[in-house]
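The residues making up each chain are set out below.
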Amino acid sequence: MLATFIIGLREGLEAALIVGIIAAFLRRNGRSLVPMAIGVTAAIVISLLVGISLRFAEQSLPQAAQEGLETVIGVVAIVFVTGMVLWMSTNARGLKSELETSAAAALGQGSTRALVVMAFLAVLKEGFETAVFLLATFSASTNATLAAVGAGLGIVVAAVIGYGLYTGGMRINLGRFFSVTSAFLVLVAAGLVVSTLGTAREAGWLNAGQQRAADLSWLAPNGSIRGALFTGVLGVPPYPTVIQVIGWFAYLVPVAMYLYWPRQWRPVGAAAVRLRLIIGTALAVFALGLTIGVRPAAVTASTSAPLVDGDGSQLGAISLGDGTADLTLGSQTSQIPLQNPQVVNHAGLDAVEQYSRSATGPTDGLPDSITVAELTELNGGRLPVGISPQRSVGPFDAAWTITVNSDLWVSDGQLLEFSRSEVTTLTITGGGLTTSRTLSVSGQVPGGRSVSSDSLGTDPAYVQEVSDELRELPAAQLERQFWGRQVPVLLGVAALVVLASAWNARRRLAAQKSPPSAEPARTEQPLAPPEPTPSEETGSR
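Just so we're clear, the structure is a prediction, and the values are computed from it rather than from any experiment.

Enquirer: Describe the overall build of the protein chain, naming the residues involved and giving the relevant values.
Expert: Within the protein chain, the secondary structure is distributed over 13 helices and 13 strands. Expressed as a percentage of its 541 residues, the buried residues of the protein chain come to 37%. Here the analysis covers contacts within the protein chain between residues at least 6 apart in sequence; of these, 71% occur between residues at least 24 apart. For the protein chain, the accessible surface area stands at approximately 30900 Å², while carbon and sulfur atoms represent 60% of it.

Enquirer: Outline the packing of aromatic side chains, supporting the account with residue identities and numerical values.
Expert: Applying the stated criterion across every chain yields a total of three aromatic pairs. Look at Trp261 and Trp265: their rings are 6.4 Å apart centre to centre, the planes differ by 65 degrees, and that puts the pair in the edge-to-face class. A ring pair is formed by Phe482 and Trp483, whose centres lie 4.9 Å apart and whose planes are at 80 degrees; its orientation type is edge-to-face. Over the ring of Tyr258 we find Arg266, and its NZ or CZ is 5.9 Å from the ring centre.

Enquirer: Tell me about the environment of Glu11, and name the residues and values.
Expert: Along the chain, Glu11 turns up in helix H1 (residues 2-28). C-alpha of Glu11 to C-alpha of Thr130: the two residues are 119 residues apart in sequence and 6.4 Å apart in space. Ignoring sequence-local partners within four residues, the contact set of Glu11 consists of Met84, Glu126, Glu129 and Thr130.

Enquirer: Please give an account of the pairing of strand E5 (residues 342-346) that cites residues and values.
Expert: Relative to strand E6 (residues 349-361), E5 is paired through four bridges, and the arrangement is antiparallel. In the strand pairing of E6, Gln342 is matched with Gln354. In textbook terms, the turn of a hairpin is the stretch between consecutive antiparallel strands, and for E5 and E6 this stretch comprises two residues, one of which, Ala347, has a positive phi near 55 degrees.

Enquirer: Could you give an account of the nonpolar core, naming the residues involved and the relevant values?
Expert: It is characteristic of soluble globular proteins that their nonpolar side chains tend to be buried jointly. One finds Leu13, Val81, Met84, Val85, Leu185, Val186 and Tyr251 to be the most contacted residues of the largest nonpolar core, which totals 32 residues. Elements with a contribution of two residues or more to this core: H1, helix H3 (63-91), helix H5 (113-140), helix H6 (144-167), helix H7 (174-202) and helix H9 (242-260). The greatest single-element share of this core, amounting to 10 residues, is contributed by H7. Counting 24 residues, the second-largest nonpolar core is a separate cluster that includes Leu327, Ile336, Val352 and Phe418.

Enquirer: Describe the pairing of strand E1 (residues 304-309), naming the residues involved and giving the relevant values.
Expert: Note that E1 and strand E2 (residues 314-320) share five bridges and pair antiparallel. Bridging across to E2, Ala305 finds its partner in Ile318. Between the end of E1 and the start of E2, which pair antiparallel, lie four residues, with Gly312 showing a positive phi angle near 90 degrees.

Enquirer: Just give me the short version of the pattern of salt bridges, but keep the residues and values in it.
Expert: On inspection of all chains with the given rule, the structure shows two salt bridges. The residue Arg201 makes a salt bridge to Glu202 at a minimum N-O spacing of 2.9 Å. The exposure class of Arg201 is partly exposed, given its relative accessible area of 36%. Two residues, Asp468 and Arg471, come together in a salt bridge whose shortest N-O distance is 2.3 Å. Here Asp468 pairs with Arg471, and both are found in helix H12 (residues 460-513), just three residues apart, close to one helical turn. Residue classification places Asp468 among the partly exposed positions, given a relative accessible area of 26%.

Enquirer: Tell me about helix H10 (residues 270-293), and name the residues and values.
Expert: The end-to-end C-alpha separation of H10 is 34 Å, in line with the 34 Å expected for 24 residues at 1.5 Å each. Of the residues making up H10, those classed as buried are Ala272, Val273, Gly280, Ala287 and Leu290. At its buried positions, H10 is contacted by H12.

Enquirer: Lay out the packing of H10 against H12 in plain terms, naming residues and giving numbers.
Expert: Contact geometry of H10 with H12 gives a least axis separation of 8 Å together with a crossing angle of 160 degrees. Viewed along their axes, H10 and H12 adopt a mutual orientation that is roughly antiparallel. Crossing angle aside, the handedness with which H10 passes H12 is left-handed. Of the residues in the contact of H10 with H12, the class split is 20 nonpolar, six polar and three charged.

Enquirer: Any chance you could break down the side chain of Glu67 for me, citing the residues and the numbers?
Expert: Within the fold, Glu67 resides in helix H3. No salt bridge is formed by the buried Glu67. Its closest oppositely charged neighbour is Arg201, at 8.3 Å. Apart from residues no more than four positions distant in its own chain, Glu67 is found in contact with Thr199, Glu202 and Ala203.

Definitions and cut-offs
- Residues numbered from 1 in each chain as written.
- Predicted model: local features only at pLDDT ≥ 70, side-chain atom pairs only at ≥ 80, totals over all residues.
- Heavy atoms only, no water.
- Helix = DSSP H or I, 4+ residues; strand = E, 2+ residues; numbered from the N terminus.
- Buried < 20%, exposed > 50% of the residue type's maximum accessible area, 1.4 Å probe, protein only.
- Contact = heavy atoms within 4.5 Å.
- Areas by Shrake-Rupley, 256 points an atom, 1.4 Å probe, with all protein chains shown as cover.
- Phe/Tyr/Trp six-rings, centres within 6.5 Å; stacked < 30°, edge-to-face > 60°.
- Lys NZ or Arg CZ within 6 Å of the ring centre and 35° of its normal.
- Pairing = 2+ DSSP bridges.
- Core = buried A, V, L, I, M, F, W, Y, C linked by side-chain atoms within 4.5 Å.
- Salt bridge = Lys/Arg side-chain N within 4 Å of Asp/Glu carboxyl O.
- Expected span 1.5 Å × (residues − 1).
- Axes fitted to C-alpha atoms, helices over the stretch in contact; angles between N-to-C directions.
- Parallel < 35°, antiparallel > 145°, perpendicular 65-115°, else oblique.
- Left-handed = near helix turned anticlockwise from the far one by under 90°.
- Nonpolar A, V, L, I, M, F, W, Y, C, P; charged D, E, K, R; others polar.
- Lys, Arg positive; Asp, Glu negative; His and termini not counted.

Next up, the structure:
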């Protein structure tokens, strides 16, 4: 409420001063105030319609679009209030004399139309600025009703002060008034920078610098007067992000220094030009440093991964080659061709390439028959369910199948995960069985060969580390692109503007120091005798 009250008071008083000066000038010259009142009323109505239209347009949009419109309105409001504060800091002292000079020139033409247009445009400008600034403040406020009441009270007080100045019944130190309110408005505008950066993030326009920078909840607790002051008035959130803190300082420090740096310490002439050159060069150097120092984000190259079994014991490694994956288990190395991948979601990542392969292993040297005891050993020391040693005494006819399934997942050229399962399937018939039975077995078979039904894969810790890096890669790329590309461009533009202003100031100084060019001699014409004045004519008579 306090922020909107100051905004309404400040903007309303500026308009009231202009209207009051013009009205007083018209009254002294015996002209009617009705046309000016009509123009002022029309400007107020148009300003209200602009504010209401913007508010309805904002509420009719989807959520993301609303945040985008609030961001645009916030930027416009920041530009308006900054321009207003800077302009009033240099023109407040001579505002009345300038307006009276312009009014006298307009009235000298025999018409009050120019004065009416002047009042209309002045009120329309202040009204439009007020509408945009208040709309941005309403969006950042926690209580729109109190904000509206504060704005209304500020405008009413401004109208009362303006009328008092017009009638001569009230005097106010305008220089001190504008100095104090400018300080407050600069703080409000800095908070508006913070809230605008927040709405830009909600709109999806700004995704960099969103790390929490500080915990200010102790400074602005919810429901307290301090919280209402810092959050509701100054726009400082309890948990500001990095980009919001940078934006707050980047706005507040230079504007406050420009407005309130002691005049006796301000450089003038050549010293002011040198200061601008130093600032512009520093901005350019800083932009170049960011461009060189902030490199594009990339994950640590992961083309080899350790392989472990189900117990976590390391058995070997797998690495990516040129079109193949090299699988090393002990002293044995085999290659898996990387062909015809499928694009799947895996480990929380999108667009992961999956290479799948299924092969049949050799069964040479495996027995054609097996006894009940051998079958029990291959089944983990237990007789398979459904086989009775009284009815199925064996030996059984044995048919062996060894199947090896391999899956390899690769994301952005990084080896993400590998898994391989080997299943030995035994199908037995005869030996008292009425039907064939199929089961997975592992162990040592007669003849000394071992068969297995187990799996191996990459270390889970490796998979977690690589997947976390890949998931964070898009955000890191946006972050690096913002700080290493977009911010340097903005700093470069600012450097060019400052250097251009320094160049223009230097040229003006040089022009002032250069001696005036010699003018050609002019032939003096004889002067006509002066006409007698009325007093002289009276005296001669």
